Amino acid sequence: MIEYRIEADTAGMRLDKHLRKRLPNVPVSHLFKMIRTKKVRVNGKRAQPEQLLSEGDVLTIRGDEQQLVGAERPKVDPPPPPVDPSRLVILREDDWLMAVDKPSGMAVHTGSGITGGTLVDYVRAYLGPKAVRNDFAASPAHRLDRETSGVILVAKRRPAMVHFTEVFTHGLSRKRYLTLVKGKMPRDSGVIDLPLAEHQQTAESKARRGVNMQAAVTRWKVVKQSGEAALLSCAIETGRTHQIRRHLAAIGHPVAGDKKYGDFAFNRDVRARWGLKRLFLHAERIEFPHPEGGAKVAVEAPLAAELRDVLKRAALVP
């Protein structure tokens, strides 16, 4: 029989996932059979595969320990990512998290057409052997578009990631962005309450139930206004894909430099006159409760130098 307590860095993991990591030589089908036949118990009670483990839980696994554990699989460390971690701009770091100033053009994760040089690569290269802790690899706790710059949070421990999932799911954080948009705003501030189509809805889902519209709310405030453009401060109450870009385009004030939702003629004009070569959207500030104790933390990322230069040329320096 195997019996042990769940440590803090394992808290928040599903039981079935934990067992697969703890007993890698046991077939997954047999692990589920052990759970189903009550050979796996949490705090002496019948366990469920999907239940989340908590710090201090006592996990009991009935069976021959030598057969269950078996020969240890040799650990093969992955090759270090081909990136220079000195390029990483760290705004805050402690044992639980990192707040990083992501530059425009850097993808957060690998994806379609993106194979390396991501924020994940830089963070794990910077942390080195400390990037993985009790089978949890340091990972971004939320997302920023590839062309958006600014502050992004990275969870260094599993309990931190569990905490941030709750924070962002239940709207317990505050995010503020700076953006340059086309045209003169009709007033000093406003709210865009406009549902947006689910960005990654499958064709099968659309055919079966139509386009899935998701609630989305963006609050904006004019920081500086000229006759042809405005510098806005935006706060989002929801976190839909490309929300600020889609919302501002919908009310006729697209973000400068936006190749997907923007105004082509306006983008060409501001590139020629003000030297804007990227999307003008910057995650300036985030407030959130800290994973350890819940104290409020605020982190800010200064506006990138190339965007400050654009504002000077446009006479929109706040």
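Reading the values: rules and limits
Residues numbered from 1 in each chain as written. Predicted model: local features only at pLDDT ≥ 70, side-chain atom pairs only at ≥ 80, totals over all residues. Heavy atoms only, no water. UniProt positions renumbered as here; feature names shortened; annotations may be inferred. Helix = DSSP H or I, 4+ residues; strand = E, 2+ residues; numbered from the N terminus. Contact = heavy atoms within 4.5 Å. Core = buried A, V, L, I, M, F, W, Y, C linked by side-chain atoms within 4.5 Å. Buried < 20%, exposed > 50% of the residue type's maximum accessible area, 1.4 Å probe, protein only. Pairing = 2+ DSSP bridges.

Asker: Account for the UniProt feature "active site" (unreviewed entry) in the protein chain, with residues named and values stated.
Answerer: Within this structure's numbering, the places UniProt gives as "active site" (unreviewed entry) are Asp-145. Considering the arrangement of structural elements, one finds Asp-145 in the loop between β9 (139-140) and β10 (149-155). In contact with Asp-145, not counting residues within four places along its chain, are Lys-102, His-242 and Arg-245.

Asker: How would you summarise the nonpolar core if you had to cite specific residues and measurements?
Answerer: Val-123 and Leu-232 are the most contacted members of the largest nonpolar core, which totals 47 residues. Take this core: its biggest share by element is 5 residues, from β10. Setting aside chain neighbours within four positions, we find Leu-232 in contact with Tyr-177, Leu-178, Thr-179, Val-181, Met-185, Trp-220, Lys-221, Val-222, Val-223 and Leu-248.

Asker: How would you explain the pairing of strand β15 (residues 217-225) if you had to name every residue and give the values?
Answerer: With 5 bridges connecting them, strand β12 (residues 189-193) and β15 associate as antiparallel partners. By the bridge assignment, Ile-192 is partnered in β15 with Thr-218. Pairing analysis gives 7 bridges linking β15 to strand β16 (residues 229-236), with the strands arranged antiparallel. Among the inter-strand pairings, Val-222 is bridged to a residue of β16, identified as Leu-232.

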